[in-house]
Amino acid sequence: MSEPVRLPPGGFRELGPLGWVIAKIGARGIRRPRFSLLNVLGQHRLLLPVWLPVSSYLLYGGKLSRRDAEVVILRVGHLRNCEYELQQHRRLARSRGLDADMQARIFAGPDAERLTDRERVLITATDEFVVTRGVSAQTWQALAGHLTKAQLIEFCLLAAQYDGLAATIATLGVPLDFPD
C-alpha cells in the first residue's frame, strides 16, 4: 500500500531551470518520462544540488563495491517497506550482478542459504543499523574483517542515507515511477 501523495512531482515552474534539468537527466537515466523523487525533492531548489553529489557518490563512485552498496540499499528498502526504493534498486541491482534469486536472499535476511560471509555481515550490520541506530561490537568486528576504514565509514553513511531517504519518500508520498 503506497502512501498518499503529499507533494506532487513538480515541473519547470516548481523546480526552476537547474532542478528541471537535473530531473530530466535523471528521468533519461531510468528511462522514464519523469523521475518522481527528483521532481519532488527538486522543489527545494537549494537542497537538491547540494544533496545530489553526496547521494550520487554513494551510489556510483564510493569505496564500497557497487554490488555491496546494492545489498545494503535493497536491505534498507526491504526493512523500511519502501516500494519506491525497491523498484528503483531491484532494477539497478540486476545490472550489478544481483539477480532475482540473490535479491530474494537479501530480503530473507542474514540466515538465508547461499550467502557469502561478506553478504551475511553486510545484511546483519544493515539490520542493526536501521533497527537499533547502531551496530553491535560483534557485528562491527565482523564487518571490519571485510571492509577498510573508508568502507566502514561509507557503510554507515550509505545505510543512513537510504534509511532517511525511505522515510522522506514515505512522508512526502513520492509516487512510483514504474507501474509494476
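Scroll up a little and you will see the structure.
We now turn to the structure provided with this report. (Residues numbered from 1 in each chain as written. Predicted model: local features only at pLDDT ≥ 70, side-chain atom pairs only at ≥ 80, totals over all residues. Heavy atoms only, no water.)

### Quick notes on the side chain of Gln-151
Now for step 1: Looking at where Gln-151 falls in the secondary structure, it is placed in helix H9 (residues 149-172).
Now for step 2: For Gln-151, the side chain forms a polar contact with the main-chain oxygen of Lys-63, separated by 3.0 Å.
Now for step 3: Setting aside residues no more than four positions away along its own chain, Gln-151 makes contact with Lys-63, Leu-64, Arg-118 and His-146. (Helix = DSSP H or I, 4+ residues; strand = E, 2+ residues; numbered from the N terminus. Polar contact = N/O pair within 3.5 Å; in protein donor to acceptor, adjacent residues only side chain to side chain. Contact = heavy atoms within 4.5 Å.)

### Description of the packing of helix H4 (residues 66-79) against H9
Now for step 1: Contact geometry for H4 and H9: axes closest at 9 Å, N-to-C directions at 40 degrees. By the angle between their axes, H4 is oblique relative to H9. In the crossing of H4 with H9, the sense of the turn from one axis to the other is right-handed. Together, Arg-66, Ala-69, Val-72, Ile-73 and Val-76 of H4 and Glu-154, Phe-155, Leu-158, Ala-159, Tyr-162 and Asp-163 of H9 make up the contact between the two elements. (Axes fitted to C-alpha atoms, helices over the stretch in contact; angles between N-to-C directions. Parallel < 35°, antiparallel > 145°, perpendicular 65-115°, else oblique. Left-handed = near helix turned anticlockwise from the far one by under 90°.)

### Examining the packing of H4 against helix H5 (residues 83-95)
Now for step 1: Here H4 crosses H5 at 155 degrees, and the two axes come no closer than 9 Å. Classified by the angle between their axes, H4 and H5 sit roughly antiparallel to one another. When the axes of H4 and H5 are compared, the crossing they make is left-handed. Side by side, H4 and H5 meet where Glu-70, Ile-73, Leu-74, Val-76, Gly-77 and His-78 of the first sit next to Glu-85, Leu-86, His-89, Arg-90, Leu-92 and Ala-93 of the second.
Now for step 2: Across the contact of H4 with H5, the residue classes tally to six nonpolar, three polar and three charged. (Nonpolar A, V, L, I, M, F, W, Y, C, P; charged D, E, K, R; others polar.)

### Details of the packing of aromatic side chains
Now for step 1: Going through the model one piece at a time under the given rule, you end up with two aromatic pairs.
Now for step 2: Relative to Phe-155, the ring of Phe-129 lies with its centre 6.2 Å away and its plane at 80 degrees, an arrangement referred to as edge-to-face. Taken together, the residues span a long stretch of sequence, with Phe-129 in helix H7 (residues 117-132) and Phe-155 in helix H9 at a distance of 26 residues.
Now for step 3: In this structure Phe-129 comes out as buried when scored by relative accessible area, which is 12%.
Now for step 4: Take Phe-155: its relative accessible area is 0%, and that puts it in the buried class.
Now for step 5: A cation over a ring is seen here: Arg-91 above Phe-178, with NZ or CZ 3.7 Å from the ring centre. (Phe/Tyr/Trp six-rings, centres within 6.5 Å; stacked < 30°, edge-to-face > 60°. Buried < 20%, exposed > 50% of the residue type's maximum accessible area, 1.4 Å probe, protein only. Lys NZ or Arg CZ within 6 Å of the ring centre and 35° of its normal.)

### Re helix H3 (residues 47-61)
Now for step 1: The end-to-end C-alpha distance of H3 is 21 Å, a good match for the 21 Å that 15 residues give at a rise of 1.5 Å each.
Now for step 2: Those residues of H3 that fall on the buried side of the exposure criterion are Leu-48, Trp-51, Ser-55, Leu-58 and Leu-59.
Now for step 3: Against helix H1 (12-30), helix H2 (36-41), H4, H5 and H9 lie the buried residues of H3. (Expected span 1.5 Å × (residues − 1).)

### So, H1
Along an α-helix, residues three or four positions apart point the same way, because every turn accommodates 3.6 residues.
Now for step 1: End to end, H1 covers just 19 Å across 19 residues, shorter than the expected 27 Å (1.5 Å per residue, more than 12% under).
Now for step 2: Looking only at H1, the buried set comprises Leu-15, Gly-16, Gly-19, Ile-22, Ala-23, Gly-26, Ala-27 and Ile-30.
Now for step 3: Phi turns positive, to about 60 degrees, at Arg-31, one or two residues after H1.

### Let's talk about the nonpolar core
Now for step 1: Ranked by internal contacts, the top residues of the largest apolar core, which has 48 residues, are Leu-37, Leu-143, Phe-155 and Leu-158.
Now for step 2: Looking at this core, the elements with two or more residues in it are H1, H2, H3, H4, H5, helix H6 (100-108), H7 and H9.
Now for step 3: Beyond its immediate chain neighbours, meaning those up to four positions away, Phe-155 contacts Leu-64, Val-72, Leu-122, Ala-125, Thr-126, Val-135, Leu-143 and Leu-147. (Core = buried A, V, L, I, M, F, W, Y, C linked by side-chain atoms within 4.5 Å.)

### Concerning the environment of Asp-101
Now for step 1: Locating Asp-101 in the fold gives a position in helix H6.
Now for step 2: Judged by its relative accessible area of 37%, Asp-101 falls in the partly exposed class.
Now for step 3: Only 2.4 Å separates the side chain of Asp-101 from the side chain of Arg-114, close enough to count as a polar contact.

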